[in-house]
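Notes for the structure review
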Protein chains: 2
Amino acid sequence: MEGKVEYLWEEVRELSLGTTVDRLHSPPTPLQFLRDFVSQNKPCIISNAISHWPALSLWPNSSYLPAALSSSIVFLHLTPDGHADALVPHPSLPSLCFVSAHVQPTPFPQALDLIRRPPSHLVAYLQQQNDCFRTEYGELESDCDGHIPWASEALGCLPEAVNLWIGNHRSQTSFHKDHYENLYAVVSGEKHFLLLPPTDFHRMYIKEYPAARYSYSQEKGEFRLELEEPERYVPWSSVDPCPATGNLKQENLKFPLYFNGPKPFEVTVKAGEILYLPSMWFHHVSQSPGEDGCTIAVNYWYDMQFDIKYAYFNFLQSLPCRSINDLTTPESGCEQDLGPHASPNHLNSRFSVNAENCDRDAASGRPRHRNFCGLERTAMRYLKMMATLEIL
Amino acid sequence: MEGKVEYLWEEVRELSLGTTVDRLHSPPTPLQFLRDFVSQNKPCIISNAISHWPALSLWPNSSYLPAALSSSIVFLHLTPDGHADALVPHPSLPSLCFVSAHVQPTPFPQALDLIRRPPSHLVAYLQQQNDCFRTEYGELESDCDGHIPWASEALGCLPEAVNLWIGNHRSQTSFHKDHYENLYAVVSGEKHFLLLPPTDFHRMYIKEYPAARYSYSQEKGEFRLELEEPERYVPWSSVDPCPATGNLKQENLKFPLYFNGPKPFEVTVKAGEILYLPSMWFHHVSQSPGEDGCTIAVNYWYDMQFDIKYAYFNFLQSLPCRSINDLTTPESGCEQDLGPHASPNHLNSRFSVNAENCDRDAASGRPRHRNFCGLERTAMRYLKMMATLEIL
């Protein structure tokens, strides 16, 4: 298998992806976008697609946002080091755990201040992924387009969620994938993406980790790491693409398929640009602030097609890879992608099958638009399916 | 592997293909065609898309075509039983061989007469696949559209080849796939397709067979089966989906993945309808004549995208399947699809790398637009690749 899957990684680059992400200097027509990128599951950067947004000039002005959102309470994500939805050691566990941020309802001006002028002991990030731009940040509606017109026409629908992201250079998002076609528009600062196509699944060393949360005590100014109860496991990539210098050799040995395989696509998206991040692509995100001290972006999640590409991905994912199995538990290494099965057609119904298992945002109680694997694992039809899976 | 690949067959149907082929009652917009069918590698039938073609009323008139093509010499394919590009026993071989038709340059009126009023000892079929409609049958140009406008706009190109097919009820085409997006328009009579998606590769039991040709002696009224020299091998599906009643049980035992797996999609395309047959789909074709005694169709081959779907297919194809390996030789069972690699972008260049290995039409000497695996097998880069392939 290993020799063959390695050939797949090479071939998809040779035939279709190349070595760098395509750049368009003006918005594509819907047909061009669909034919050259969505249909091929191929990313691109589009310049000059949001030049008409008032946000581009308004938001970097440091007094505009605090004034526009002076009375808004927003859900601020706090971590000790900028790594939320990431793997960290847990004192009472032999392995790592998957930790989510402490989510603190905060007046917007105060939240922004914590991002722009960070104290040393915490990192704040506005990164709710529950359609927050159209709900929490409704006051900013007229500063951006409500959707990306050529993408909506190409995809035949409006976005299912629009999210606002405000962070600083310390916030990172670890490797993961989303079940959405993603149009990611940067308004201020820069976002740095590392991208791997879905064909490279085995290079991500996805394993199930126990879920934990940071709990932040404002009084003590300290974070506590708490395992979720009841126990819950989250499948997550074990790879840190930028390990500390001292760990580099060790990480190379642990994750050779990642470190010795084709380089991930590196993309910097600047203010005024859009990244088309195709569904199911693995992405790691970091950021550089603009002159206003923060990075601001708006992303549009469109429903993806659960078509032959997705079926192929699921098949690929079901195949064990020897070097990965050393790392993973027998239950987790060969799972099908269960994400969208409950109902591929509507976001809400993705969360309706078994609500108590749904991954919810701690503060808002709303379903989160990421990591919804927990939910569907319980669906009866997959028990049947799992039983039929054979090991090669 | 078997359990997993079987799940793939089921999943692609459950998520995307359903159990029957979609039917559109008017031509789709280019966007709809691209989004709902091409991008998803999903077939459809389109009614009322060629109602404006003069061919629909002219061609079934038994005197029109012989008059229009009264001075044309065409390449008529002759077989004893209607099975060209098919597997037949060879007296001096332990296994079957892959046989092509005898190709006889024939005045068109005489060719049509042989199709409409077949003698008992031969079956005649006009089925050149070398863009014949725009070359040999140039006189008929104004009877049809030169391309399918909404498909050309969706795919961003004009057809690479347009072919005319005139046959009777005895002619069949055995299971195979093409590296093209295919728009298949029936003008008279009906075409019956059995379709399997590319995910079902292992169900086709593809094996390499020695190439042979029928040689027809007009004097004796007899066919002779001649192995090609130099020896050449053609990878071809071993499955006959409609075996003689007496052979059914035996064929079931030999090809259980085909006979016990999901039913192929059955599609009848009537006069006036178009089938969109997606690239890489396996298809078996038979036909029923119209009142004029023959089935007439025109098909448009558009270049396909060699994208992530194609890379996934090649990966799937490289995986051995135990029950197939019993049938196949070690060299043939696990090959990558080498078809389009030489140059995915232009038809002619597909045949330019190593011309002597190119599969050519016997009569015209032109490269045929099918079965061009022989060519690329010789390309040096694949020798390297094959050497790196490992058995699971």
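Residues numbered from 1 in each chain as written. Chains lettered and ligands numbered in written order. Predicted model: local features only at pLDDT ≥ 70, side-chain atom pairs only at ≥ 80, totals over all residues. Heavy atoms only, no water.

- Looking up chain A in an unreviewed UniProt entry gives the name Phospholipase-like protein isoform 2, with the organism given as Hibiscus syriacus.
- Heading Sequence similarities (unreviewed entry) of the UniProt record for chain A holds this comment: "Belongs to the JARID1 histone demethylase family." (UniProt positions renumbered as here; feature names shortened; annotations may be inferred.)

**Concerning the sheet that holds strand β9 (residues 161-167) of chain B**
Residues and elements named next belong to chain B.
- The strand order β1-β2-β17-β11-β19-β9 describes an open sheet built from six strands, whose pairing is mixed. Either end of the sheet is taken by a strand with one partner, and the two such strands are β1 (22-24) and β9. Put simply, the sheet's adjacent strands are angled 20° from each other on average, direction ignored. (Pairing = 2+ DSSP bridges. Helix = DSSP H or I, 4+ residues; strand = E, 2+ residues; numbered from the N terminus. Axes fitted to C-alpha atoms, helices over the stretch in contact; angles between N-to-C directions.)

**Describing the pairing of strand β11 (residues 180-188) of chain B**
Residues and elements named next belong to chain B.
- Taken across its nine residues, β11 has nine buried, putting it largely inside the fold.
- Summarising the sheet, β11 and strand β17 (residues 274-277) pair through four bridges and their orientation is antiparallel. Of the residues in β17, the one forming a bridge with Y184 is L275. (Buried < 20%, exposed > 50% of the residue type's maximum accessible area, 1.4 Å probe, protein only.)

**Some points on the side chain of R232(B)**
Residue and element names in this part refer to chain B.
- Along the chain, R232 falls in the loop between β14 (222-227) and β15 (233-237).
- By relative accessible area, which is 16% here, R232 ends up buried.
- Side chain to side chain, R232 and E228 meet in a polar contact 2.7 Å long. (Polar contact = N/O pair within 3.5 Å; in protein donor to acceptor, adjacent residues only side chain to side chain.)

**Overview of the environment of L87(A)**
- Relative to the helices and strands, L87(A) resides in strand β5 (residues 86-89).
- In this structure the C-alpha to C-alpha distance between L87(A) and D240(A), which are 153 residues apart in sequence, comes to 8.9 Å.

**What to know about the UniProt feature "domain: JmjC" (unreviewed entry) in chain A**
- With numbering aligned to this structure, UniProt lists the feature "domain: JmjC" (unreviewed entry) at residues 124-317 of chain A.
- Structurally, residues 124-317 of chain A is divided into 15% helix and 41% strand, and its ends, taken at the C-alpha atoms, are 34 Å apart.

**Considerations on the side chain of T199(A)**
- Relative to the elements of secondary structure, T199(A) occurs in the loop between β12 (190-196) and β13 (206-217).
- With residues near it in sequence (within four places) discarded, T199(A) still touches L8(A), W9(A), V12(A), L316(A), I308(B) and Y312(B). (Contact = heavy atoms within 4.5 Å.)

**Concerning the environment of N314(A)**
All names here are of chain A.
- Looking at where N314 falls in the secondary structure, it is placed in helix α9 (residues 308-318).
- Classification of N314 by relative accessible area gives buried; the value is 0%.
- With 167 residues separating them in the primary sequence, N314 and H147 have C-alpha atoms 30 Å apart.
- At 3.2 Å, the side chain of N314 and the side chain of Q317 are in polar contact.

**Description of the state of the cysteines**
Residues and elements named next belong to chain A.
- Tallied over the entire structure, the rule returns zero disulfides over all chains.
- No disulfide involves C157; its nearest neighbouring cysteine sulfur is the one of C44, lying 17 Å away.
- Of the residues examined, C157 reaches a relative accessible area of 26% and is grouped as partly exposed. (Disulfide = S-S within 2.5 Å.)

**Some thoughts on the environment of P105(B)**
Residue and element names in this part refer to chain B.
- When you line up the elements, P105 lands in strand β7 (residues 102-107).
- Separated by 214 residues in sequence, P105 and L319 have C-alpha atoms that sit 43 Å apart.
- When near neighbours in sequence (up to four residues on either side) are disregarded, P105 contacts I73, V74 and F75.

**Some details on the pattern of salt bridges**
All names here are of chain B.
- Summed over all chains, the structure comprises 24 salt bridges over all chains.
- When the shortest N-O distance is used, the salt bridge between E273 and R23 registers 2.8 Å. Residue E273 is located in the loop between β16 (265-270) and β17, and its partner R23 is located in strand β1; the two are separated by 250 residues in the primary sequence.
- Judged by relative accessible area, which is 10%, E273 ranks as buried.
- Close ionic contact of R224 with E226 constitutes a salt bridge, the shortest N to O distance being 2.2 Å.
- In this structure R224 comes out as exposed when scored by relative accessible area, which is 51%.
- A residue is classified by how much of its surface remains accessible, and E226, at 30% relative accessible area, is partly exposed. (Salt bridge = Lys/Arg side-chain N within 4 Å of Asp/Glu carboxyl O.)

**With respect to the packing of aromatic side chains**
- Counted according to the given criterion, the structure contains 37 aromatic pairs over all chains.
- Considering the side-chain rings of F98(B) and W236(B), the 4.6 Å spacing of their centres and the 55° angle between planes classify their relative orientation as tilted. With F98(B) in strand β6 (residues 96-100) and W236(B) in strand β15, the pair connects residues that are 138 residues apart, well separated along the chain. Neither residue differs from the other here; F98(B) and W236(B) are each classed as buried.
- Aromatic pair F201(B) and F313(B): ring centres 5.9 Å apart, planes at 90°, arrangement edge-to-face. With a gap of 112 residues between them, F201(B) in the loop between β12 (190-196) and β13 (206-217) and F313(B) in helix α9 (residues 308-318) connect regions that are remote in the sequence. For the residue pair F201(B) and F313(B), the accessibility class agrees, reading buried in each case.
- In textbook terms, an aromatic cluster arises when at least three aromatic residues are bridged by ring pairs, as seen for Y125(A), W165(A), Y184(A) and F193(A).
- Of note, R203(B) hangs over the ring of W9(B), and the distance from its end group to the ring centre comes to 5.3 Å. (Phe/Tyr/Trp six-rings, centres within 6.5 Å; stacked < 30°, edge-to-face > 60°. Lys NZ or Arg CZ within 6 Å of the ring centre and 35° of its normal.)

**Re the confidence of the model for chain A**
All names here are of chain A.
- The pLDDT averaged across chain A works out to 85; a share of 81% of its residues lies at or above 70.
- Across residues 328-335 the pLDDT falls below 50, and counting only partners more than four positions away or on other chains, this stretch makes 17 contacts in the model.
- Interface confidence for the predicted complex, expressed as ipTM, amounts to 0.85; the pTM equals 0.86. (pLDDT = per-residue confidence, 0-100.)

**Examining the sheet that holds strand β4 (residues 83-84) of chain B**
All names here are of chain B.
- Pairing is mixed in the open sheet, where five strands are placed in the order β4-β10-β18-β12-β16. Every interior strand has two partners, whereas the edge strands, β4 and β16, have only one.
- Sheet topology places β12 next to strand β18 (residues 282-288); seven bridges connect them, and they run antiparallel. Opposite F193, over in β18, you have V285 as the bridge partner.

**With respect to the packing of helix α2 (residues 30-38) of chain A against helix α2 (residues 30-38) of chain B**
- Between α2(A) and α2(B), whose axes approach to 10 Å, the crossing angle comes to 25°. Classified by the interaxial angle, the pair formed by α2(A) and α2(B) is roughly parallel. By crossing handedness, the relation of α2(A) to α2(B) is classed as left-handed. Contacts between α2(A) and α2(B) involve P30(A), L31(A), L34(A) and R35(A) from the former and P30(B), L31(B), L34(B) and R35(B) from the latter.
- Classifying every residue of the contact of α2(A) with α2(B) gives six nonpolar, no polar and two charged. (Parallel < 35°, antiparallel > 145°, perpendicular 65-115°, else oblique. Left-handed = near helix turned anticlockwise from the far one by under 90°. Nonpolar A, V, L, I, M, F, W, Y, C, P; charged D, E, K, R; others polar.)

**Some words on the packing of α9(A) against α9(B)**
- α9(B) packs onto α9(A) with a crossing angle of 40° between their chain directions and a minimal axis gap of 10 Å. Considering their axes alone, α9(A) and α9(B) lie oblique with respect to each other. The two elements α9(A) and α9(B) meet at a crossing, and its hand is left-handed. Residues I308(A), K309(A), Y312(A), F313(A), F315(A) and L316(A) of α9(A) form the contact with α9(B), whose participating residues are I308(B), K309(B), Y312(B), F313(B), F315(B) and L316(B).
- Looking at the contact of α9(A) with α9(B), its residues break down into 10 nonpolar, no polar and two charged.

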